[in-house]
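Here are the chains, one letter per residue:
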Amino acid sequence: MHRIPLPPGFLWGAATSAHQTEGANENSDWWALENMPGSFCEEPSGQAVDSFHRWGEDMDLAADVGLRDYRFSIEWARIEPEPGVFSGEALEHYRHMIEGALHRGLRPLVTLHHFTCPAWFTGWADPAAPDLFARYVAQVAGILEGVEHVGTINEPNVVAAFPRLLAQGGLAEGLPEPEEALAQGLASAHRQARHVLRAALPEVRVGWSVSVQDYQPDLPAVAAAAAYLYPRQTRFLQESRDDDWVGVQAYTRIRLVLDGDVVRPAAPGSSAQRTQTGWEYYPAALGGAVREAARVVGAVPVIVTENGVATGDDGQRIAYTHGALTALAAALDDGIDVRGYFHWSLLDNYEWGSWGPTFGLVSVDRGTFVRSPKPSLAWLGRVGTSGLIPSLEPSQR
Ligand code: IFM
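What you see is a predicted model; the values in this text were computed from it and never measured.

K.L.:
Which parts of the structure should I look at to understand the sheet that holds strand β4 (residues 107-113)?
P.N.:
The pairing of strands in a sheet happens through backbone hydrogen bonds and is either parallel or antiparallel. Read around the closed barrel, the 8 strands follow the order β2-β3-β4-β5-β6-β8-β11-β12; overall the barrel is parallel. The mean inter-strand angle of the sheet, taken between neighbouring strand axes irrespective of direction, is 25 degrees. By the bridge criterion, 4 bridges tie strand β5 (residues 149-154) to strand β6 (residues 205-211) in an arrangement that is parallel. Its bridge partner being in β6, Val150 is matched across the sheet by Val206.

Given below as structure tokens:
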């Protein structure tokens, strides 16, 4: 048994995103990508896990085990299906979700952009993009009463690297260098959205969530590693120096080696365990990631907005989370200002092109949409309510 020193008010919950769970996100760019002939997606999202209609059931599952917080996203493509045309019905839908969460004792952490855009949007490199995003955010601000934490953009460093990520065929080889025009457009959209939110809702705490892995340079690569990391994550973390919090999303470590005078990620060793996404199974990554984020952002608190593992073995999920939370507890003990932990994900969901990887604390039958909580859900709830990380059974180690 190990104590996790959770400060008062610590956020303790699970996360989802709209496109990955709601279903029929027909006005979005991802829907178009999934359904075009020759799509790179192995499978489309379809009805996903029907959370558009079953969000209450999802929230009940979280609240019933003692989770106190729920991170979900609002879908821009539903709110603004045509440029400048805002759907009152969609805004009302998300207002109901916010009220439904509060009613269940779940504090909502709302993300305004989680990878998907309306199909009409011409991309973050378009000079008009920050204004267009701010216009959408101004509409959403009207339904956010009662929400304490708002995240503008999910993993801007992944969004900015997306075209190169596609060419590379996934994240297993590390994050490619983001495209400059995309990175700048996203940063500017974030700043404008923050301005809109603060003007409309002075109490709200604004941040964004960066994909921060535990980069481990070997000795010869140490000096050059900062230059490698700057475009991939440091600059995105630095953007948060004027935020109220910074979101850290950590899953794995990436070892860096020097190849001539170039730093590159080393493939995990042949004995390394890999998860369903091909990433190295490395629970302690969360510790390295929150420490690195805190180093970069200074006084701004960290919230772990995603952490989890793609596995078909729920015992392994518990073991992974045990390791991640033990590393988080050590960071808290060392005085790192972490204010929350959200597990990715509440539900098995659409993993951007495939239904293969299962990150959920709850499985979902995709024919009937029946939800079945896995043991890890109650396990996570107990850790939050007791502040204790139970020792693993020998069979779980
Ligand atoms: O499923 C994704 C999520 O949408 C963003 N962060 C990483 C998760 C696992 O790949």
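Resuming the write-up.
K.L.:
Would you explain the pattern of salt bridges in this entry?
P.N.:
Should their charged atoms come close, side chains of opposite charge can pair. Using the criterion set out here, one finds 20 salt bridges in the structure. For the salt bridge of Asp243 with Arg194, the shortest nitrogen-to-oxygen distance reads 2.6 Å. Taken together, the residues span a long stretch of sequence, with Asp243 in the loop between α9 (222-239) and β8 (246-250) and Arg194 in helix α8 (residues 180-200) at a distance of 49 residues. Of the residues examined, Arg194 reaches a relative accessible area of 9% and is grouped as buried. We note a salt bridge from Lys374 to Asp348, for which the minimum N-O separation is 2.9 Å. Of this pair, Lys374 sits in the loop between β14 (371-373) and α12 (375-386) while Asp348 sits in the loop between β12 (338-344) and β13 (362-364), and the two are 26 residues apart along the sequence. Judged by relative accessible area, which is 14%, Lys374 ranks as buried. With relative accessibility at 11%, the residue Asp348 sits in the buried group.

K.L.:
Please clarify how the packing of helix α10 (residues 285-297) against helix α11 (residues 314-333) should be interpreted in this entry.
P.N.:
Axes are the key here: two packed helices are described by the angle between their axes and the distance separating the axes. Running from N to C, α10 and α11 point in directions that differ by 35 degrees, and their axes come no closer than 7 Å. Here α10 contributes Leu286, Gly287, Val290 and Arg291 to the contact with α11, which in turn contributes Ala324, Ala327, Leu328, Ala330 and Ala331. Among the residues making up the contact of α10 with α11, the classes are represented as 7 nonpolar, 1 polar and 1 charged.

K.L.:
I tried to follow the site of the ligand on my own but got confused; where do I start?
P.N.:
Not every one of the 13 residues close to the ligand is listed here, only the nearest: Gln20, His114, Glu155, Glu306 and Glu351. Separating an oxygen atom of the ligand from a side-chain N or O atom of His114 is a distance of 2.7 Å. In isolation the ligand offers 280 Å² of accessible surface; the protein chains occlude 95% of this area. Placement of the ligand is best described as lying within the largest pocket.

K.L.:
Even after reading the chapter, I still don't get the packing of aromatic side chains, so can you show me in this structure?
P.N.:
What characterises a pair of aromatic rings is the spacing of the ring centres plus the angle enclosed by the ring planes. With the rule as written, the count across this model stands at 24 aromatic pairs. The interplanar angle of 80 degrees and the centroid separation of 5.7 Å between the aromatic rings of Trp30 and Phe40 together place this pair among those described as edge-to-face. Placement of the pair is Trp30 in helix α2 (residues 29-35) and Phe40 in the loop between α2 and α3 (51-64), with a sequence separation of 10 residues. Look at Trp30 and you get buried, because its relative accessible area is 5%. Taking the relative accessible area as the measure of exposure, Phe40 reaches 35% and is therefore partly exposed. One aromatic cluster is present, built from ring pairs that chain together Trp76, Trp120, Phe121, Trp124, Phe133 and Tyr136. Sitting over the ring of Phe236, Arg235 keeps its end group 5.8 Å from the ring centre. Lying across the ring of Trp355, Arg366 places its NZ or CZ 3.6 Å from the centre.

Rules used throughout
- Residues numbered from 1 in each chain as written.
- Predicted model: local features only at pLDDT ≥ 70, side-chain atom pairs only at ≥ 80, totals over all residues.
- Heavy atoms only, no water.
- Pairing = 2+ DSSP bridges.
- Helix = DSSP H or I, 4+ residues; strand = E, 2+ residues; numbered from the N terminus.
- Axes fitted to C-alpha atoms, helices over the stretch in contact; angles between N-to-C directions.
- Salt bridge = Lys/Arg side-chain N within 4 Å of Asp/Glu carboxyl O.
- Buried < 20%, exposed > 50% of the residue type's maximum accessible area, 1.4 Å probe, protein only.
- Contact = heavy atoms within 4.5 Å.
- Nonpolar A, V, L, I, M, F, W, Y, C, P; charged D, E, K, R; others polar.
- Near = heavy atom within 4 Å.
- Polar contact = N/O pair within 3.5 Å; in protein donor to acceptor, adjacent residues only side chain to side chain.
- Areas by Shrake-Rupley, 256 points an atom, 1.4 Å probe, with all protein chains shown as cover.
- 1 Å grid on protein atoms, 1.4 Å probe; cavity = no way out; pocket = protein on both sides within 12 Å on 5 of 7 lines; lining within 4 Å.
- Sits in = over half its atoms within 2 Å of the grid points.
- Phe/Tyr/Trp six-rings, centres within 6.5 Å; stacked < 30°, edge-to-face > 60°.
- Lys NZ or Arg CZ within 6 Å of the ring centre and 35° of its normal.

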